[in-house]
Amino acid sequence: MASLKVPTNVPRPEDDAEQLHKAFSGWGTNEKLIISILAHRNAAQRSLIRSVYAATYNEDLLKALDKELSSDFERAVMLWTLDPPERDAYLAKESTKMFTKNNWVLVEIACTRPALELIKVKQAYQARYKKSLEEDVAQHTSGDLRKLLLPLVSTFRYEGDDVNTMLARSEAKILHEKVSEKAYSDDDFIRILTTRSKAQLGATLNRYNNEYGNAINKNLKEESDDNDYLKLLRAVITCLTYPEKHFEKVLRLSINKMGTDEWGLTRVVTTRTEVDMERIKEEYQRRNSIPLDRAIAKDTSGDYEDMLVALLGHGDA
Amino acid sequence: MALPLEFESLTEAISGMGVDENALISTLGKSQKEHRKLFRKASKSFFVEDEERAFEKCHDHFVRHLKLEFSRFNNAVVMWAMHPWERDARLVKKALKKGEEAYNLIVEVSCTRSAEDLLGARKAYHSLFDQSMEEDIASHVHGPHRKLLVGLVSAYRYEGNKVKDDSAKSEAKILAEAVASSGEEVVEKDEVVRILTTRSKLHLQHLYKHFNEIKGSDFLGGVSQSSLLNEALLCLLKPAVYFSKILEASLNKDADKTTKKWLTRVFVTRADHSDEMNEIKEEFNNLYGETLAQRIQEKIKGNYRDFLLTLLSKSD
């Protein structure tokens, strides 16, 4: 469930645009006003505000935000304001560049967005960067990582609930064989993970657990030589089956300043607020015995903190 | 009535591709019982005399032939009425079921359709078969072609006009090296598959130009043992040539049962794309010295012929 709080009587986009324009004018910037508007509008509403703003003030709202804001707060507002497919395209592009390389972002986009949404991301990517997402991912990865990531971003998964129990059994067996042989980038292993529907995979992995006594990720973690590929593989499996668990982990690591995904906090909050943030909050509370918004308040400050907390559904709409 | 002439025209009406429905109505339809008996006795290739029981029975192959030829028009119409996405999804499914000899159909569909049409076919596949095209292909194709086929159907290529020529040039070198080196079959090489299954068609055109310069020869002459790989290249770069070649094969006198079916498929799936159809007509003429319309006129008969000619004229 989404955590976004939108007022029952939403102002007209013309009024929102005017207020935002006021927030930029004169000395300094009225960040509180920006947050009070943008953090309480859904994607469709934000899109309207953007087009009205552009038509009225002859400037892209995002450009104005870029000029007025800075650092983490700017990133959060900018990412939030973008249309979800554009946002994902932007994040994907960023993740393929050398200094901002982050394969987890690609895994999140490929595995947690619905199939049709992923197509929209690809369209946005092509429109903005004049090449396809697949081309870039293929070109910027190699070896086992490419073997996993390329089919992952290329797939158009069936989204029905149909499950073939015989297939679940036979493919659980294949997965188990490969894991036992430590053949973590085997063709069939990757085939199953990157082409089967989520429902089918769920059934297959349940079968794996029941039949072989351990969840597959537990087996994958036992490998003493834990490398980036294995970490990514586990992330793929988590994202395909329990995305909220993955996002909880990203948040936890980012808040505790562990690992290298420093933008994880901003990314998860801006991309999941309108999707399943409530479930992620529950998972966070369950795992860390402290509510997410409290953890964020401890770790961040100022406008950045206010923005994140607003998106999490606190404060008035 | 001059009976021998009638036999000739009747035989003619049911030989070759398609069936001359009008001729059948006016000859067979009007005939008396005795005339038909004489026809059966005279047509040794269609009927065999059962002397013991005193009747002339059909050869099995004659019945099969008639069934096939009568159904050509039927199949073409049904295929034409279908949504293009369903058409392509069913073609891929059929090819998968048939096995390796039919995989060229998968290459054809994935390489000659636009990005949106291929995506549409994948959507239709979900709807028709409750699974994705790529999962079906991945689980049923074994051997060296799996990576290529799965990659080709999963492609959602950029279709704009931006291209990085130096990138195309360096990839042409990669392809040239892959082709020259021994060891793994070219079709299994990761870099080859990556380039062919992700790059835009425009990029591949630039790559093709550079490759030919490096190698000093036209790589569409065939870069590998794999006919599927060669076919993919042809479909991606010169679809009009590809389609002309398979049309010629289907209209050739040596065409077998399967090859003859290509005729309907190409016409029905390409007729809505006037530009492409015109390119195919032009290429066919260049390659074989006669127009497609002429060849259809000569070789096909009846409603099937008229239907094909009508489809052909849509792009005039």
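Criteria and thresholds
Residues numbered from 1 in each chain as written. Chains lettered and ligands numbered in written order. Predicted model: local features only at pLDDT ≥ 70, side-chain atom pairs only at ≥ 80, totals over all residues. Heavy atoms only, no water. Salt bridge = Lys/Arg side-chain N within 4 Å of Asp/Glu carboxyl O. Buried < 20%, exposed > 50% of the residue type's maximum accessible area, 1.4 Å probe, protein only. UniProt positions renumbered as here; feature names shortened; annotations may be inferred. Helix = DSSP H or I, 4+ residues; strand = E, 2+ residues; numbered from the N terminus. Contact = heavy atoms within 4.5 Å. Phe/Tyr/Trp six-rings, centres within 6.5 Å; stacked < 30°, edge-to-face > 60°. Lys NZ or Arg CZ within 6 Å of the ring centre and 35° of its normal. Disulfide = S-S within 2.5 Å. Buried area = accessible area lost by both parts, 1.4 Å probe. Polar contact = N/O pair within 3.5 Å; in protein donor to acceptor, adjacent residues only side chain to side chain.

S.K.: Just to check I follow, could you spell out the pattern of salt bridges for this structure?
M.R.: Side chains that differ in sign of charge can pair as their charged atoms come close. Summed over all chains, the structure comprises 54 salt bridges over all chains. Where A:Lys131 meets A:Asp136, a salt bridge forms, and the shortest distance between an N and an O atom there is 2.7 Å. By the burial criterion, A:Lys131 is buried, and A:Asp136 matches it. Through salt bridges with shared partners, one network takes in A:Glu135, A:Arg146, B:Glu171, B:Glu191, B:Arg194 and B:Arg199.

S.K.: It is not clear to me how the UniProt feature "binding site: Ca(2+) 1" (unreviewed entry) in chain A should be interpreted in this structure. Could you clarify?
M.R.: Residue and element names in this part refer to chain A. Mapped onto the present numbering, the UniProt feature "binding site: Ca(2+) 1" (unreviewed entry) falls on Phe24, Gly26, Gly28, Glu68, Gly259, Asp299, Thr300 and Glu305. With the annotated positions falling across 282 residues, the maximum pairwise C-alpha distance of 40.5 Å shows that they are not confined to a single cluster. Looking at where phenylalanine 24 falls in the secondary structure, it is placed in helix α1 (residues 13–24). Exposure remark for phenylalanine 24: the relative accessible area of 8% places this residue in the buried category. Leaving out residues up to four positions away in the same chain, phenylalanine 24 has contacts with Thr29, Ile34, Tyr53, Leu61, Ala64, Leu65 and Glu68. By the secondary structure assignment, glycine 26 is in the loop between α1 and α2 (31–38).

S.K.: What should I look at first to understand the packing of aromatic side chains in this one?
M.R.: Think of a pair of aromatic rings as described by two things: how far the centres are apart, and how the planes are tilted against each other in angle. Inspection of every chain in the model, using the stated rule, returns 13 aromatic pairs over all chains. One aromatic cluster is present, built from ring pairs that chain together B:Phe7, B:Phe39, B:Phe46, B:Phe47 and B:Phe62. Residue placement shows A:Arg46 over the ring face of A:Trp80; its charged tip is 3.9 Å from the ring centre. It is A:Arg75 that lies over the ring of A:Trp263; its NZ or CZ is 3.9 Å from the centre.

S.K.: How do you make sense of the state of the cysteines when you look at a structure like this?
M.R.: The bond known as a disulfide is covalent and runs between the sulfur atoms of two cysteines. All names here are of chain A. Overall, the coordinates contain 0 disulfides over all chains when judged by the stated rule. Here cysteine 111 is not cross-linked by a disulfide; its sulfur's nearest cysteine counterpart is in cysteine 239, at 5.6 Å. Of the residues examined, cysteine 111 reaches a relative accessible area of 0% and is grouped as buried. For cysteine 239, a relative accessible area of 2% puts it in the buried group.

S.K.: Looking at this structure, how should I read the interface of chain B and chain A?
M.R.: The parts lose accessible area when they come together, and the size of an interface is often stated as this lost area. Opposite the 26 residues of chain B that make contact, chain A presents 27 residues. Overall, the association of chain B and chain A removes approximately 2,400 Å² of surface from exposure, summing both partners, and the carbon and sulfur fraction of that is 54%. Together, B:Glu135, B:Tyr156 and B:Tyr158 form the three largest contributors to the area buried by chain B at its contact with chain A, with a combined 26%. Put simply, chain B and chain A have 4 salt bridges between them. Note that A:Arg146 is salt-bridged to B:Glu191, the shortest N-O span being 2.8 Å. One can count 12 residue pairs in polar contact (both at pLDDT 80 or more) joining chain B with chain A.

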